[in-house]
Structure formats: structure tokens, C-alpha cells
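Next come the chains, spelled out residue by residue.
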Amino acid sequence: MDTSSIAGSSLLLRTGQTQQALSTSMMKQAADQQNNIAELLAMNAKQAPQPTANSGFSFSVFA
């Protein structure tokens with residue numbers, strides 16, 4: 001192998017490693033965003049009014 005083909009191979013490997021690092025970084029960011037959304041949904045569910053115990057009668061809100 002001559003030096004130009006070795007340099008070209010090295011450049012291709014480095015480019016592949018850079019793309020893999022970027023892909024990994026993007027996947028981590030997406031996972032962090034999903035965790036944030038899950039935490040917000042959990043907080044929202046805790047703040048929502050809870051149904052009261054059944055007192056023997058019910059009514060419909062649809063008229």
C-alpha cells in the first residue's frame with residue numbers, strides 16, 4: 001500500500017468514527033428528552049384531581 005491509500009483509509013475510518021460519535025450523541029439527547037417528557041407527565045398525573053370514592057350514585061356530564 002502506498003501512503004496515499006493509507007491516508008485515505010485513515011481518513012475514512014476517522015470519518016466513520018466521527019459519524020458514530022455524532023449518532024451516539026444524538027441518541028443520548030433523544031433519550032434525555034424522552035426522560036424529561038416522562039417526568040413532566042408523571043408530575044402532571046400527580047397534580048390531576050383524583051376521583052372520589054363511589055358514594056352510591058353517579059351522574060353523567062353529557063346532556
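Residues numbered from 1 in each chain as written. Predicted model: local features only at pLDDT ≥ 70, side-chain atom pairs only at ≥ 80, totals over all residues. Heavy atoms only, no water.

Caption draft 1: The overall build of the protein chain, seen in detail. Of regular secondary structure, the protein chain possesses 1 helix and 0 strands. Taken over 63 residues, the protein chain has a buried fraction of 0%. In the form shown here, the protein chain has an accessible surface area of approximately 6,200 Å², with 62% of it arising from carbon and sulfur atoms. (Helix = DSSP H or I, 4+ residues; strand = E, 2+ residues; numbered from the N terminus. Buried < 20%, exposed > 50% of the residue type's maximum accessible area, 1.4 Å probe, protein only. Areas by Shrake-Rupley, 256 points an atom, 1.4 Å probe, with all protein chains shown as cover.)

Caption draft 2: A look at the pattern of salt bridges. Scanning the entire structure with this criterion turns up 1 salt bridge. Between aspartate 32 and lysine 28 there is a salt bridge whose closest N-O contact spans 3.1 Å. Remark: lysine 28 and aspartate 32 occur in helix α1 (residues 3-47); sequence separation between them is 4 residues, near one turn of the helix. (Salt bridge = Lys/Arg side-chain N within 4 Å of Asp/Glu carboxyl O.)

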